[in-house]
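# Chain and residue survey
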Amino acid sequence: MAGALHCAFLYGGALLVVAVQLIRSVEARVINYPKAPNETYTVCTVSNIPYSTCELSSTDSSTYGGYAVKVFEKAASKVGWSEDDYTWACLDYDVMQNDILNSSVHGFCDAAAVDMQIRPNFLAQGVQFVYPDFHNNLAVMIHAKIEQPDGWIFTKPFAWQVWGMLIVAAIAVSVGVHLVEVLSKQFTSREVRAGVSLTGEHGLFESMWMALGQIVSAASLTGISLASRLIILVWCFMILLLLTMYTGNAAALLTTQQFKTTINSRYDLRGKTFGAWEGDAETLNSFALLPKLYPWNTDEEFQVMLDDLQSGDIVALVLDIALVQYLASTDCNYHLQDQFASMNYATAFWPGTNPALVAQFSAAVLEMEVSGELDMLQSVHFTQGASCPVLSATTRPVTFSQVFGLWVVLAVSIAVAIIISILNGQISKRKYVNKLTSKVIGQWNVRGKKAPEEIVQGTDVESGDCIERERPATMRAPASDGEDATPATNPSKNKFKSALQKAVRSESSQL
């Protein structure tokens, strides 16, 4: 109730100021240019921090401030105005806007130092704008508290799927290395093959430990064959990239204060409830954005928007970027997330103003822009010497969908390594059989008393040695009384070699 009475008092005071001014002069606006010595311009403004600040019903120039007010005062001094050439009036925004749009000479405001947006409908009604002193945008503002790091921050650079698939990849690498080493040593000596076990060098358990340890540089996975080295090379490259990503994300988490939000740009507003001033509805609709509209004529109405944002009734507010910068500099829980919809703001003169006067002010504002005075005023009034730390939206962990290509490359390398091992095994098997065959034939030539069949059956395919064995009765040729036993048949060397190779292949295929 008290707030309503206060608003009614302020609004009544604004109307009283207008009424007094109209009573004092029938032709309130200055229509002569140059003006007569006894005439003064009436410059209207509103209470709209940080653009302008004033007190309703107050005519004391010391109570007027803000960016737009200071820009007007500096521009006025550049065109030769003194403080006696104009007076200030503080009005509600709607009252001021309706007055400045009025083309009648019986209006009240000669100029509006509030940084009005230059809009086509205002130009169509004859409002004359000075050169823009602020090139503005709409900004998406959210309210989010700073997150405090917890004891598990070291796990956050990667999503849990990446951690899980990293373990799976290490197991796949260990199995792949063990498999290709087994295939590579299939046709080697017993002593070499004995090391290819579950626990020996290049064994499954040992390879698994080495692959897992290599993730944190605690072990080094090695291989002998070309195929296993291919897998290890791709695995090391994969670990290098993932380690780089982890280091970068971890550094961002530790050095930059974070806040959690789902709104990172204007595109995230679609389908969600967000707020905006009703005067920006047309602009937002052109961007296919449908906000919850709020009136904004008083500080109390503006506070309603901020309260809804803080309570979560709306996910964001879309306001002028200058206002968002000001709020973010005074409260570190407000964050500017995106900006769009380029707009120009400027001092406005009523439609009947002499264009030469508007041109003088435009030249003065342009001079201020070139000299850097506008930048200095914007820094003073919009950022307020902000002391908030550098903040960023919560760093997103690396997800598996972003790096799954590494797993694809690893899987392909394992498959290629297995194919190489199989092909190499076939080549090694052929060489192995030929080597043993040649060795056995050589021994047969030395031990010429043995029949070829005996040598075939008595050959150790591992070493190629001919083992003295008693020839089965079925393999012996019948002997005549008083004669030495001789082979029933005496196959040629080629037939014997073929039979020997067949026996060696049969034995070696079971290795």
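Residues numbered from 1 in each chain as written. Predicted model: local features only at pLDDT ≥ 70, side-chain atom pairs only at ≥ 80, totals over all residues. Heavy atoms only, no water.

As annotated in an unreviewed UniProt entry, the chain carries the name Glutamate receptor and is attributed to Klebsormidium nitens. What the UniProt record of the chain gives under Subcellular location (unreviewed entry) is the line "Membrane". (UniProt positions renumbered as here; feature names shortened; annotations may be inferred.)

The helix and strand inventory of the chain stands at 16 helices and twelve strands. Counting only contacts in the chain whose residues sit at least 6 apart along the sequence, the fraction spanning at least 24 positions is 73%. When the accessible surface of the chain is split by element, carbon and sulfur atoms take 58% of a total near 26600 Å². (Helix = DSSP H or I, 4+ residues; strand = E, 2+ residues; numbered from the N terminus. Contact = heavy atoms within 4.5 Å. Areas by Shrake-Rupley, 256 points an atom, 1.4 Å probe, with all protein chains shown as cover.)

Further remarks concern the state of the cysteines. One covalent bond between the sulfur atoms of two cysteine residues makes up a disulfide. Under the counting rule described, the total for this entry stands at two disulfides. Linked covalently through their sulfurs, Cys44 and Cys109 form a disulfide whose S-S length is 1.9 Å. An S-S torsion of about -95° defines the bridge between Cys44 and Cys109 as left-handed. Taken together, the positions of Cys44 in strand E1 (residues 41-45) and Cys109 in the loop between helix H3 (93-100) and strand E3 (111-117) put the pair 65 residues apart, joining distant regions of the chain. Of the two residues examined, Cys44 and Cys109, each falls in the buried class. Two residues share a disulfide in this structure: Cys54 and Cys90, whose sulfurs sit 2.0 Å from each other. With the S-S bond torsion at 55°, the cross-link from Cys54 to Cys90 turns out right-handed. Here the residue Cys54 occupies a position in the loop between E1 and helix H2 (67-78), and Cys90 occupies one in strand E2 (residues 86-90), the gap between them amounting to 36 residues. Taking the relative accessible area as the measure of exposure, Cys54 reaches 11% and is therefore buried. (Disulfide = S-S within 2.5 Å. Buried < 20%, exposed > 50% of the residue type's maximum accessible area, 1.4 Å probe, protein only.)

What follows is about the UniProt feature "transmembrane region" (unreviewed entry) in the chain. Here, UniProt's "transmembrane region" (unreviewed entry) annotation points to residues 158-180, 230-254 and 404-423. Counting secondary structure, residues 158-180 comes out at 91% helix and 0% strand; the distance between its end C-alpha atoms is 31 Å. When the span residues 404-423 is considered, its composition is 100% helix and 0% strand, and the gap between its end C-alpha atoms is 29 Å.

Where helix H11 (residues 321-330) meets helix H13 (residues 373-383), the axes come as close as 7 Å, and the angle between the chain directions of the two elements is 55°. By the angle class used here, H11 and H13 are oblique. In contact with Ala322, Gln325, Tyr326 and Ser329 of H11, H13 contributes His381, Phe382 and Thr383. Residue classes in the contact of H11 with H13 are distributed as three nonpolar, four polar and no charged. (Axes fitted to C-alpha atoms, helices over the stretch in contact; angles between N-to-C directions. Parallel < 35°, antiparallel > 145°, perpendicular 65-115°, else oblique. Nonpolar A, V, L, I, M, F, W, Y, C, P; charged D, E, K, R; others polar.)

There is a patch of nonpolar side chains on the surface, built from Leu226, Phe404, Val408, Val412, Val416 and Ile420 and spanning about 510 Å² of accessible area. Considering the arrangement of structural elements, one finds Phe404 in helix H14 (residues 400-446). In this structure Phe404 comes out as partly exposed when scored by relative accessible area, which is 45%. (Patch = residues over 30% accessible without salt bridge, like charges linked within 9 Å, V, L, I, M, F, W, Y side chains within 5 Å. Salt bridge = Lys/Arg side-chain N within 4 Å of Asp/Glu carboxyl O.)

For the bond running from Tyr33 to Pro34, omega is -5°, close enough to zero to count as cis. For Ala288, which is not a glycine, the phi torsion comes out positive at approximately 60°. On the basis of relative accessible area, Ala288 is assigned to the exposed category, the value being 51%. Here Ala341, not a glycine, exhibits a phi torsion of approximately 60°, which is positive. By the secondary structure assignment, Ala341 is in strand E11 (residues 334-349). With relative accessibility at 11%, the residue Ala341 sits in the buried group.

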